[in-house]
Amino acid sequence: MNQLTLFRILSYILLPIGAFFGLMSTIFLLTAMANPALLLVVFLFFCMAVYAFTSFSFLTKGIMGGKTCKASLKDWIKVNAYVCVCIATLFVLNSVSLLMMNPVTLRQTVSQLLEAQPNLPSGYSIDFFLKMIKGVSGFMLFTGVVLLVHIFINFKLLKRYNHLFSSSDNAE
């Protein structure tokens, strides 16, 4: 498959993921006002959203449209891509470790966590949480792999289409 075609497909996959993480960063921003430790999570989620939309802008305006892009767009893509590499690597490592964990150990861990929550409604079972953990881990693995492949291709395309970026920020 052509790199540009794969990049285009992955860009369209990243758009809803970027929108989701942008929404989550907005929601967490309100919570982070009470707990400043969450500001790091807000920053990371916001970087994922910015990367998804700036790289899509580069694809549509620059590569597909053939228009000159602002040099600052390239900077936004690169800076947010570096942060996304860290996030994607963490996503992949966490999800692989959870998915490869011994099922008995995982069940015991979830059981201990549920026992530590006395106010948890009775409708939540260990099986429900195990399914939820596996679902979230699968989503994180998918998101991490898509991000890493997209970023790798994006850096190659930024070099190939370097002529599309103007030296001044007056281009559209």
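The structure presented is a predicted model; accordingly, all values stated were derived computationally and were not measured.

Thresholds, definitions, all that
Residues numbered from 1 in each chain as written. Predicted model: local features only at pLDDT ≥ 70, side-chain atom pairs only at ≥ 80, totals over all residues. Heavy atoms only, no water. Core = buried A, V, L, I, M, F, W, Y, C linked by side-chain atoms within 4.5 Å. Buried < 20%, exposed > 50% of the residue type's maximum accessible area, 1.4 Å probe, protein only. Helix = DSSP H or I, 4+ residues; strand = E, 2+ residues; numbered from the N terminus. Contact = heavy atoms within 4.5 Å. Phe/Tyr/Trp six-rings, centres within 6.5 Å; stacked < 30°, edge-to-face > 60°. Patch = residues over 30% accessible without salt bridge, like charges linked within 9 Å, V, L, I, M, F, W, Y side chains within 5 Å. Areas by Shrake-Rupley, 256 points an atom, 1.4 Å probe, with all protein chains shown as cover. Salt bridge = Lys/Arg side-chain N within 4 Å of Asp/Glu carboxyl O. Axes fitted to C-alpha atoms, helices over the stretch in contact; angles between N-to-C directions. Left-handed = near helix turned anticlockwise from the far one by under 90°. Nonpolar A, V, L, I, M, F, W, Y, C, P; charged D, E, K, R; others polar. Expected span 1.5 Å × (residues − 1). Disulfide = S-S within 2.5 Å.

Student: What should I look at first to understand the nonpolar core in this one?
Tutor: One recurring pattern in soluble globular proteins is that nonpolar side chains are buried together. Grouped together as the largest cluster of nonpolar side chains are 35 residues, with contacts concentrated most on Tyr51, Phe58, Ile63, Leu147 and Leu157. Broken down by secondary-structure element, the contributors of at least two residues to this core are helix H1 (3–32), helix H2 (39–64), helix H3 (71–99) and helix H5 (126–160). In contact with leucine 157, not counting residues within four places along its chain, are Leu4, Phe7, Phe58 and Ile63. Of all hydrophobic cores here, the second largest spans five residues; its members include Leu106, Val110, Leu114 and Leu130.

Student: Explain the side chain of serine 57 to me, please; I cannot follow it from the model alone.
Tutor: Mapped onto the elements, serine 57 comes out in helix H2. Those residues in contact with serine 57 that sit more than four places away from it in its chain are Gly62 and Leu73.

Student: Explain the packing of aromatic side chains here, please?
Tutor: This structure, assessed with the given rule, holds 10 aromatic pairs. Arranged with centres 5.5 Å apart and planes meeting at 35 degrees, the rings of tyrosine 82 and phenylalanine 155 form a pair that is tilted. Within this pair, whereas tyrosine 82 is found in helix H3, its partner phenylalanine 155 is found in helix H5, the two being separated by 73 residues in sequence. Considering the side-chain rings of phenylalanine 128 and phenylalanine 129, the 5.5 Å spacing of their centres and the 75 degrees angle between planes classify their relative orientation as edge-to-face. Using a relative accessible area of 18% as the deciding quantity, one classes phenylalanine 129 as buried. Joined through ring pairs, the aromatic side chains of Phe20, Phe21, Phe28, Phe45, Phe91 and Phe139 make up one cluster.

Student: Could you clarify how one ought to interpret a nonpolar patch on the surface in this entry?
Tutor: A surface patch of nonpolar side chains, amounting to about 420 Å² of accessible area, comprises Leu120, Tyr124, Phe128, Met132 and Val136. Turning to its location among the elements, tyrosine 124 is positioned in the loop between helix H4 (103–115) and H5. Look at tyrosine 124 and you get partly exposed, because its relative accessible area is 40%.

Student: It is not clear to me how the pattern of salt bridges should be interpreted in this structure. Could you clarify?
Tutor: Any two side chains of opposite charge can pair if their charged atoms end up close together. Within this structure, the stated rule accounts for one salt bridge. Where aspartate 127 meets arginine 107, a salt bridge forms, and the shortest distance between an N and an O atom there is 2.7 Å. In this pair, aspartate 127 is assigned in helix H5 and arginine 107 in helix H4, connecting sequence segments 20 residues apart. According to the relative accessible area criterion, aspartate 127 is partly exposed, its value standing at 41%.

Student: Quick question: what am I supposed to make of the packing of H1 against H2 here?
Tutor: How two helices sit against one another is set out by the angle between their axes and by the gap between those axes. One way to put it is that H1 packs onto H2 with a least axis distance of 7 Å and a crossing angle of 150 degrees. Here H1 runs over H2; the crossing is left-handed. Broken down by class, the residue content of the contact of H1 with H2 amounts to 25 nonpolar, five polar and one charged.

Student: Help me understand H2, please; the structure alone is not making it clear to me.
Tutor: Residues three or four positions apart in an α-helix share a direction because the helix packs 3.6 residues into each turn. Here H2 contains 26 residues, and its C-alpha end-to-end distance of 36 Å stays within 8% of the 38 Å for a straight helix at 1.5 Å per residue. Looking one or two residues beyond H2, the residue adopting positive phi is glycine 66, at roughly 70 degrees.

Student: I'm lost on the state of the cysteines in this one. Help?
Tutor: What we call a disulfide is simply a covalent bond connecting the sulfur atoms of a pair of cysteines. In the structure shown here, the tally under the stated rule is zero disulfides. Residue cysteine 47 stays outside any disulfide, its sulfur separated by 6.5 Å from that of cysteine 84, the closest cysteine. Cysteine 47 gets classed as buried once you look at its relative accessible area, which sits at 3%.

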